[in-house]
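Okay, here's what each chain looks like letter by letter:
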Amino acid sequence: MTDNLICGIDIGSSKIATVVGMDSAETDELKIIGFNTTVARGVRRGLVVDIKEATEAVEDSVEKAERMAGHKINKAFVAVGGPHISSLNSHGIVAVSNPQGEINEEDVARVIEAAKAISLSSTRRIIEVIPRDYIVDGQSGIKNPVGMSGVRLEVETHIITASTTNLKNQERILSDLGIENQGFVFSGLASAEAVLTDTEKELGIILVDIGGGKIDLSIYVDGALSYSSSIPIGARHISNDIAVGLRVSLDSAEKIKIFLSKNFDGKKKTPQINLKELDLPEDITEVSLKTLVDGIVAPRLEEIFKLIFEEIEKSGFGQQIPSGLVITGGGALTIGMLETGKRVVGLPIRIGFPEKVSGLVDEIIDPQYSTTVGLLLYGKNNISIDKDNFKNFGKILRDFKLGNSIGNLKNFFKQFIP
Ligand SMILES: Nc1ncnc2c1ncn2[C@@H]1O[C@H](COP(=O)(O)OP(=O)(O)OP(=O)(O)O)[C@@H](O)[C@H]1O
Ligand SMILES: [Mg+2]
């Protein structure tokens, strides 16, 4: 067996991050061998707004990551997020092909296809289909129906859709760079792969990725992704507020925000903060911590958490997430995040770091790279059946005991490939 190279590209609103990982065939280890982060250009709230600029920025990041890894990136998983994402849960039902025998993989593939038959406008495309629960002859709670006997097979699925235009723009960027797209992955889902534990997913939890320009949400109930959405506000708004409140440039405000989160916590009561070491162009060397935290940052965080709370209510899963919230994305490190979140949402809350990888990890174990690392973990779980354009089947078969039957399955799935 050979080691598997897996690559991920996260075209965010603040940064473009490229990561190259080596999935060890012997151990279960996923080792980072190449990584780069470049300031984003041509992207706003997860949408490509200037294709030329965005392509240049992605090219820059990919080239640097390739150089570090010593490998060319020919194909990659790509993150997509932002308010153009929406989700729904759909039900599929089929008659088992051989009612005297056992339910087989083909029945499972057919029932998933049935669930995918939703009316969708031409402006939307399905990017993910996740089976949440199988039902055999009325008995629910089945994770893997293969091998069971029954007459009627049903499935509850979670389907994520995205704007066709935005996907096309991202595809264009990749094809211009000669990179094959192995699949779009919702950034909220990718981040969840990187920071949530299986127990948290089983118990019920919401993952919140606070990026520069948007917040992606993923709710897990009974171990399965059950709600995905995105809010068009991000950590950049906090910098904006600081810029307006202190009358400084956006660049200076960004520096002050990061300095604050790195040097203070929500509890420390230093009256004045010395900003001299930031060497800002403006004539500002001191600022009151109270003004900054309570007067400027906290009200915006409160607004953010109110919006998150509304989304939880809207999802209908509010009573099924006892594990609470895991906050990740660059914005997660904002001062006062946990205190404000706990107060507004009233659920347990922690910050999520992408820790499930090894190798060149010093820089990468930072909430802003949760989506990026998650792309690799997602890829690892979905690459076992290496059918291009067919990533969903890796997941459908996730719980199946594949044993030595991978070859047979590959042949089986070949028939579905256009
Ligand atoms: N240590 C920190 N403290 C406070 N804020 C931080 C810190 N590090 C990063 N941020 C903020 O996080 C934001 C960027 O987050 P991230 O890198 O997750 O965004 P992105 O993935 O590029 O954007 P998006 O997901 O919205 O498209 C910026 O607003 C930045 O100021
Ligand atoms: Mg992001």
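Throughout, a residue's number is its position along its own chain's written sequence, starting from 1. Here every chain gets a letter starting at A, and every ligand a number starting at 1, in the order they are written. Totals for whole chains, interfaces and linings use every residue, but because this is a predicted model, local features are given only for residues with pLDDT of at least 70 and side-chain atom pairs only at 80 or more, for both listing and counting.

Should the C-beta atom of a residue, placed from the backbone, lie within 6 Å of a molecule or strand, that residue is near it. As a structural note, the neighbourhood of ligand 1 is formed by 26 residues, with G12, S14, G211, A235 and G330 the closest of them. Elements represented by at least two residues in the shell around ligand 1 include exactly helix 6 (236-246) and helix 7 (250-263). Here the element with the most residues in the shell around ligand 1 is helix 7; it accounts for five residues. Segments assigned H or I by DSSP are reported as helices when at least four residues long, segments assigned E as strands when at least two residues long, and all are numbered from the N terminus.

As for its position among the elements, Y378 is in helix 10 (residues 370-382). With C-beta atoms placed from the backbone, a residue is labelled by how many other C-beta atoms lie within 10 Å of its own: buried for 20 or more, exposed for 12 or fewer, partly exposed between the two. Using a count of 27 C-beta atoms within 10 Å as the deciding quantity, one classes Y378 as buried. As for Y378 and A224, which are separated by 154 residues in sequence, their C-alpha atoms are 14 Å apart. A pair of residues counts as a contact when their C-beta atoms, built from backbone coordinates, are within 7 Å of each other. With near-sequence residues (within four places) excluded, Y378 lies in contact with F77, V185, A190 and E193.

Turning our eyes to something else, we now look at the packing of helix 6 against helix 8 (residues 289-315). Note on definitions: angles span 0 to 180 degrees between N-to-C directions of axes, and those axes are lines fitted to C-alpha atoms, for helices only across the stretch in contact. The N-to-C vectors of helix 6 and helix 8 enclose an angle of 150 degrees; their axes lie 9 Å apart at closest approach. Here helix 6 lies roughly antiparallel to helix 8, going by the angle between them. Seen along the crossing, helix 6 lies across helix 8 with a hand that is right-handed. Counting all contacts with helix 6, which are made through H237, I238, D241, I242 and G245, the residues of helix 8 involved are G295, I296, V297 and R300. Gly counts as polar in this scheme, as do all residues outside two lists: the nonpolar Ala, Val, Leu, Ile, Met, Phe, Trp, Tyr, Cys and Pro, and the charged Asp, Glu, Lys and Arg. Of the residues in the contact of helix 6 with helix 8, the class split is four nonpolar, three polar and two charged. Working rule for angles: under 35 degrees goes down as roughly parallel, over 145 as roughly antiparallel, 65 to 115 as roughly perpendicular, anything else as oblique. Handedness of a crossing follows from how the near helix is turned relative to the far one, being left-handed for an anticlockwise turn of less than a right angle and right-handed for a clockwise one.

UniProt positions are given in the numbering used here, feature names are shortened, and annotations may be inferred rather than shown by experiment. Per the UniProt entry, the sites bearing "domain: SHS2" (unreviewed entry) are residues 6-195 in this numbering. A helix fraction of 28% and a strand fraction of 43% characterise residues 6-195, whose end C-alpha atoms lie 19 Å from each other.

The next point concerns the environment of I85. Position of I85 among the secondary structure elements: in the loop between strand 6 (75-80) and strand 7 (86-95). On the basis of neighbour counts, which here come to 25 C-beta atoms within 10 Å, the residue I85 falls in the buried class. A C-alpha to C-alpha distance of 9.8 Å links I85 and G46, two positions 39 residues apart in sequence. Leave out the neighbours within four places in its chain, and I85 touches I160, A162, F186, S228, S229 and S230.

Let us now look at the sheet that holds strand 13 (residues 215-221). By the convention used here, strands pair only if DSSP detects at least 2 bridges between them. Ordered by their spatial adjacency, five strands build an open sheet running 14-13-12-17-18, and the pairing between neighbours is mixed. Strands with a single pairing partner mark the edges of an open sheet, and in this sheet they are strand 14 (224-231) and strand 18 (349-351). Pairwise comparison of adjacent strand axes, ignoring direction, gives a mean angle of 20 degrees for this sheet. Across four bridges, the pairing between strand 12 (residues 205-210) and strand 17 (residues 325-328) is parallel.

What follows deals with the nonpolar core. Connectivity within a nonpolar core runs through C-beta atoms within 7 Å, and the core itself is a set of buried Ala, Val, Leu, Ile, Met, Phe, Trp, Tyr and Cys residues. By size, the foremost hydrophobic cluster in this structure holds 103 residues, and its most contacted members are V19, V185, I206, L207 and V208. A total of nine residues in this core trace back to one element, the largest contributor, which is helix 8.

Backbone geometry follows two general trends: most residues other than glycine have a negative phi, and most peptide bonds adopt the trans configuration. Backbone geometry at R45 places phi at a positive 50 degrees, although glycine is not the residue there. The class for R45 is buried, based on 20 C-beta atoms found within 10 Å. Non-glycine residue R247 carries a positive phi angle of around 55 degrees. As for its position among the elements, R247 is in the loop between helix 6 and helix 7. A tally of 10 C-beta atoms within 10 Å means that R247 is categorised as exposed.

Our next topic: the sheet that holds strand 9 (residues 139-142). In space, the four strands of this open sheet follow the order 7-10-8-9, with antiparallel pairing throughout. The open sheet has two free edges, formed respectively by strand 7 and strand 9, since each of these has just one partner strand. For this sheet, the mean angle separating the axes of adjacent strands, direction not counted, is 40 degrees. Here 11 bridges tie strand 8 (residues 124-136) to strand 10 (residues 152-163), and the two strands are oriented antiparallel to one another. Bridge pairing in strand 10 places I135 opposite E154. Packing of helix 2 (residues 105-116) onto the sheet brings it into contact with strand 7, strand 8 and strand 10, and relative to strand 7 it is tilted by some 130 degrees.

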